[in-house]
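Structural characterization, general
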Amino acid sequence: MEKKRQKTAKKGKKNIVKLQEEQTNTIRTKKEPKRKYKVNKKVITVASLLVLVLVSYCLYKVVALIQNPTNTFSVEQGKVYQEEAATGYIIREETVVKGNNYKNGMVQIKTEGERVAKNEAIFRYYSNGEENLKNKIADLDSKIDEAIAGKKELFTGSDVKAIEKQIEEKIASLVNTNNLQTIREAKKEISSGVTKKAKIAGDYSPAGSYLKKLIDERKKYENQLNSGAEYLKAPISGVVSYKVDGYEDIFSPKDFSNLSEETLKKLDIKTGQVVADSLESGKIINNFGCYVACILNSKQAKEAKLGSKVKIRLPNNAEVSSSIEYISHEEDSTILVLKLTEQVQELVSYRKISFDIIWWSHSGKKVPNGAIGKEQKGDNEISYVIRTRAGYQDKILIKVTKQNERYSIVENYSNAELLELGYSAEELKQRKTLTLYDEILKKPE
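Residues numbered from 1 in each chain as written. Predicted model: local features only at pLDDT ≥ 70, side-chain atom pairs only at ≥ 80, totals over all residues. Heavy atoms only, no water.

Moving on, we come to the sheet that holds strand E7 (residues 230–233). Read across the sheet, 3 strands follow the order E4-E6-E7 without closing on themselves; strand pairing throughout is antiparallel. Here the strands that pair on one side only, and so sit at the sheet edges, are strand E4 (106–108) and E7. Here the strands of the sheet are splayed against their neighbours by 30° on average, with no regard to which way each runs. Of the pairings in the sheet, the one linking strand E6 (residues 121–125) to E7 comprises 4 bridges and is antiparallel in character. Directly across from Arg124, in E7, lies its bridge partner Tyr231. (Pairing = 2+ DSSP bridges. Helix = DSSP H or I, 4+ residues; strand = E, 2+ residues; numbered from the N terminus. Axes fitted to C-alpha atoms, helices over the stretch in contact; angles between N-to-C directions.)

Next comes the structure, spelled out in structure tokens:
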């Protein structure tokens, strides 16, 4: 009985222990998610910090790249200029043509930019009562056409047919043209043909006939029109222009000594303004050359020599050659007059322009001035650049042939030149040379 009691007690203890283990496992199971949650939160926090640091670094590199895209420069074939912006006054050989009846208004016979010979008519003034005479002639032309249409038997000759054919061809040629000068010339020829035809009709018509009276009356009005008109002819050969601004005598190439900073600045001329066409006069221009007068304050202008050649960049970006024809040194400035023989026609419409004087230009291996370092070799100061290639850096000796404010044109030294500068033959064995597309440091130090 005692053994049975002990056995039951042992079994009860085992059940109690088992129950306790189950309860412990249950409690542990419930607590495990909390422990897992705490671990995940730490991981997320650490990961967020790492991402934030990475994003900050990337932003820093992007900003640095924008501010300074690279610390190297690729050597390329380029050109270096020494240039200066300037404002210039156009001086030309130009002769103004003006008649007595300028108040009547004018009719252009030759168009702007057209070349004419001496004594060739370039324009005319309207005659007094011209509009009334033109209306009368136009009315008579209509009546003459009607009269001619009723007398076709008078116009069977070959001469009349030839005139009619010429008129038809001229009319057909105007269909596909918008050139004002071509239209004017064709109109003159058509009018001339009609007049010739009317004259023939008058010759064939009996005296005292209706058609004869019309033609005689038209001729009378035409004579009145021509006799009252004032035709202006070219005094010299050259190019016609109607852009008369009143400064033709002031800006004359006959004498540059009247040019001074004070007189030029007093003139009320706007830079780049197109000169308007005159309704009273025209002029003949020498289109083989013109001059540009400018006021400069640069060292290059002060040191300029008569006859020196410089290039000019015009407002249309064309670069043309010029020569210095006149120099006047004033207290704080220099007046230069430059002669041009190119793009002359392009400047006819202007009296004052903005342009660039290119004192010199030089081509070769182009590098930034900041990339050039200096070292002392005896009494000589030698220039160099630092080339970077495949992770290695080499000092390369160079000589500067031309330099402006930002860039230099450089060349490699020859061995003979380096020996004269004091470098040994052993040093020359180790030296490198600069080639196109080499990457060099922008700051050699």
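In terms of nonpolar packing, the biggest core is built from 25 residues, with Leu296, Leu336, Leu340, Phe355, Ile357 and Trp359 touching the most fellow members. Of all the secondary structure elements, the ones that give two or more residues to this core are strand E2 (76–91), strand E10 (290–296), strand E11 (309–313), strand E12 (319–329), strand E13 (334–340) and strand E14 (352–368). A total of 5 residues in this core trace back to one element, the largest contributor, which is E14. Once residues within four sequence positions are removed from consideration, Leu336 is found in contact with Val292, Ala293, Cys294, Leu296, Ala301, Ala304, Ile324, Tyr326, Ile327 and Trp359. Tyr89, Phe251, Tyr291 and Ala293 belong to the second-largest nonpolar core, a separate cluster that totals 15 residues. (Core = buried A, V, L, I, M, F, W, Y, C linked by side-chain atoms within 4.5 Å. Buried < 20%, exposed > 50% of the residue type's maximum accessible area, 1.4 Å probe, protein only. Contact = heavy atoms within 4.5 Å.)

Turning next to the pattern of salt bridges. This structure, assessed with the given rule, holds 22 salt bridges. Measuring nitrogen to oxygen at the nearest pair gives 2.9 Å for the salt bridge that ties Lys283 to Glu94. Of the two residues, Lys283 is situated in strand E9 (residues 282–285) and Glu94 in strand E3 (residues 94–97); the sequence distance between them amounts to 189 residues. Across the pair, Glu94 and Lys283 agree in class, each one buried. One salt bridge in this structure joins Lys98 and Glu280, with 3.7 Å as the shortest N-O distance. Placement of the pair is Lys98 in the loop between E3 and E4 and Glu280 in the loop between helix H6 (261–266) and E9, with a sequence separation of 182 residues. Taken together, the salt bridges that share partners define one network made up of Arg92, Glu94, Asp245, Glu248, Lys283 and Arg351. (Salt bridge = Lys/Arg side-chain N within 4 Å of Asp/Glu carboxyl O.)

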